[in-house]
Amino acid sequence: MRIIRAKDYDDMSRKAAIVLGAQVAAKPDSVLGLATGSSPVGMYKLLIEWCKNGDLDFSNVKSVNLDEYFGLTADNDQSYAYFMYHNLFKGINIDVKNTYLPDGTNPDVANECARYDAVIDSMGGVDIQVLGIGGNGHIGFNEPSDVFKLGTHCVTLDKKTIEANSRFFNSIDEVPTKAYTMGVGSIMKAKKILMVVNGEAKAQAMLDSFFGDITPRVQASILQMHPDCVIVADDAALKLIDEKFPGAVK
Ligand code: GLP
């Protein structure tokens, strides 16, 4: 596990885009595991810029996303399918037929989880998995729990997650209470992990996840066991780590 320090959001985005861009440049048919949320948006903007100026080619890239709200259609502007199209896919030359997300409109949970696990398996391995982190240490929508889940499952969202994500909705009542998410087992199978973290609201989660015990109460803590995990975090997100473990992150 390597934590790369960034000054601020823009610096984090640039450093993370270099890591992801290098992956695509070195292996043009890469399988990307992608994430939503405000954390990766700046990185996605740079990838769009680098694709438009000819530095990156996504025409042979495939992608699988971490999660999707239960019950939202892909054309709902709060769905993660909509987010991915508008924040990345429409700006790069990826073939949208090669981009996959869980289908939030499938009410048959067992069927959808099996379908999405088969999609992930059919990719032959994720080369790099982008992650953000929740204030409670969640990755994807793997919420604090007594266990780490292996495969895709449907979760009831944590109260804190619903509150945090309500900023994107007109009111908190509109936030879906359930979501489909890739399991921690699938995330851990990715060859490389690239986590982007910014802001003081994530400082506790960073401390607990990477300087504490490995526990499903803090799902991101399992990333300590990943053989190639790169975390790009800004100074604000590193605040508590810097206080408690001065010098630990250069
Ligand atoms: C959301 C997503 C996560 C994301 C996290 C942080 O609920 N399911 O994949 O990493 O919360 O979001 P943000 O980057 O907006 O802080």
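The rules behind each value
- Residues numbered from 1 in each chain as written.
- Predicted model: local features only at pLDDT ≥ 70, side-chain atom pairs only at ≥ 80, totals over all residues.
- Heavy atoms only, no water.
- Helix = DSSP H or I, 4+ residues; strand = E, 2+ residues; numbered from the N terminus.
- Buried < 20%, exposed > 50% of the residue type's maximum accessible area, 1.4 Å probe, protein only.
- Lys, Arg positive; Asp, Glu negative; His and termini not counted.
- Salt bridge = Lys/Arg side-chain N within 4 Å of Asp/Glu carboxyl O.
- Polar contact = N/O pair within 3.5 Å; in protein donor to acceptor, adjacent residues only side chain to side chain.
- Pairing = 2+ DSSP bridges.
- Contact = heavy atoms within 4.5 Å.
- Axes fitted to C-alpha atoms, helices over the stretch in contact; angles between N-to-C directions.
- 1 Å grid on protein atoms, 1.4 Å probe; cavity = no way out; pocket = protein on both sides within 12 Å on 5 of 7 lines; lining within 4 Å.
- Points joined across faces, edges and corners; volume = space filled by probe spheres on them.
- Nonpolar A, V, L, I, M, F, W, Y, C, P; charged D, E, K, R; others polar.
- Near = heavy atom within 4 Å.
- Areas by Shrake-Rupley, 256 points an atom, 1.4 Å probe, with all protein chains shown as cover.
- Sits in = over half its atoms within 2 Å of the grid points.

A. Region of interest: the side chain of Glu68. Secondary-structure assignment places Glu68 in strand S4 (residues 67-69). It turns out Glu68 is buried and unbridged, and the closest side chain with the opposite charge, Arg115, is 9.4 Å from it. A distance of 3.0 Å separates the side chain of Glu68 from the backbone nitrogen of Ala81, its partner in a polar contact.

B. Up close: the sheet that holds strand S3 (residues 62-65). If you trace the seven strands from one edge of the open sheet to the other, you get S1-S10-S9-S6-S2-S3-S5, paired in parallel fashion. Each edge of the open sheet carries a strand with a single partner, namely strand S1 (2-6) and strand S5 (99-100). The pairing of S1 with strand S10 (residues 229-234) spans five bridges and is classified as parallel. Of the residues in S10, the one forming a bridge with Arg2 is Val230. Each of S1, strand S2 (31-34), strand S6 (128-131), strand S9 (192-197) and S10 is contacted by helix H1 (residues 9-26), which is oriented at about 165° to S9, the strand it contacts most.

C. Highlighting the layout of surface pockets. Computed from the structure, the largest pocket encloses a volume of approximately 740 Å³. If you go around the largest pocket, you meet 34 residues; those closest to its centre are Gly37, Ser38, Asn165, Arg167 and Phe168. Taken together, the elements giving at least two residues each to the lining of the largest pocket come down to S4, helix H3 (80-87) and helix H5 (159-165). In terms of residue class, the lining of the largest pocket is made up of 13 nonpolar, 16 polar and five charged.

D. Region of the structure containing the environment of Glu200. Following the sequence through the fold, Glu200 ends up in the loop between S9 and helix H7 (203-210). With residues near it in sequence (within four places) discarded, Glu200 still touches Ala236, Ala237 and Lys239. Of note is the side chain of Glu200, whose polar atom sits 3.3 Å from the side chain of Lys239.

E. Fine view of the side chain of Asn136. Assignment of secondary structure puts Asn136 in the loop between S6 and strand S7 (153-156). By relative accessible area, Asn136 is classed as buried at 13%. Within the structure, the side chain of Asn136 is placed 3.0 Å from the backbone nitrogen of His138, a separation counted as a polar contact. Looking at Asn136, its side chain comes within polar contact range of the side chain of Asp158, at 3.4 Å.

F. Region of interest: the sheet that holds S7. Strands sit in the order S4-S8-S7 across an open sheet of three strands; the sheet is antiparallel. Two strands lie at the open edges of the sheet, namely S4 and S7, each paired on one side alone. Mean inter-strand twist for the sheet, computed between neighbouring axes without regard to direction, equals 25°. Bridge count between S4 and strand S8 (residues 178-181): three bridges; the pairing is antiparallel. Bridge assignment links Tyr69 to a residue of S8, and that residue is Ala179.

G. Up close: the site of the ligand. Taken together, 13 residues lie around the ligand, and Ser38, Ser39, Asp67, Arg167 and Lys202 are the ones closest in. Residue Ser39 places a side-chain N or O atom 2.5 Å away from an oxygen atom belonging to the ligand. Bound to the protein, the ligand loses 94% of the 390 Å² it would expose on its own. The cavity that encloses the ligand is the largest pocket. Its residues assigned to classes, the shell around the ligand comprises three nonpolar, seven polar and three charged.

H. Examining H7 more closely. Burial runs high along H7: six of the eight residues are buried. Within the sequence span of H7, burial applies to Ala203, Ala205, Met206, Leu207, Ser209 and Phe210. Buried residues belonging to H7 abut S1, S9, S10 and helix H8 (239-244).

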